[in-house]
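Breakdown of the fold
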Amino acid sequence: MITVVDPKGVNYGGVVAAPYVAKMASFLAAYYKIPGNNTINNNIKNSLGAINV
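Report on the accompanying structure. Everything numeric here is computed off the predicted structure, so don't read it as measured data. (Residues numbered from 1 in each chain as written. Predicted model: local features only at pLDDT ≥ 70, side-chain atom pairs only at ≥ 80, totals over all residues. Heavy atoms only, no water.)

Quick notes on the overall build of the protein chain
Heads up, the rule is: Note on conventions: DSSP H or I runs of at least 4 residues are helices, E runs of at least 2 residues are strands, and numbering of each starts at the N terminus. Burial here depends on accessible area, computed with a 1.4 Å probe over protein chains only, as a share of the maximum for the residue type. Under 20% is buried, over 50% is exposed, and the range in between is partly exposed. Accessible surface is estimated by sampling points in the Shrake-Rupley manner with a 1.4 Å probe; for residues, cover comes only from the protein chains shown.
Summing up its helical and strand segments, the protein chain has 2 helices and 0 strands in all. Across the 53 residues that make up the protein chain, the buried fraction comes to 4%. Total accessible area on the protein chain stands at roughly 4900 Å², and carbon and sulfur atoms take up 61% of it.

This is the structure in structure tokens:
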């Protein structure tokens, strides 16, 4: 859970907390070695070989 105390400017949760959630998710994905979309897309393209994707 992320709590932002006394946000400045906009008070919408998605705007205020989203950058912190993105950083945390990025860190956790790297820590647990979860592949990102680019890695998955590249693996699919490589496995299809000569077929244009």
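A word on the packing of aromatic side chains
Defined as follows: Stacked, edge-to-face and tilted are the three classes for Phe, Tyr and Trp ring pairs, Trp counted by its six-membered ring, which pair at centre distances within 6.5 Å; planes under 30 degrees apart are stacked, over 60 edge-to-face, the rest tilted.
A complete count under the given rule lists 2 aromatic pairs for this structure. Taking the centre distance of 6.0 Å and the plane angle of 20° together, the rings of Phe27 and Tyr31 count as stacked. Of this pair, Phe27 and Tyr31 both sit in helix H1 (residues 13–31), 4 residues apart, roughly one helical turn. Members of the aromatic cluster, joined through ring pairs, are Phe27, Tyr31 and Tyr32.

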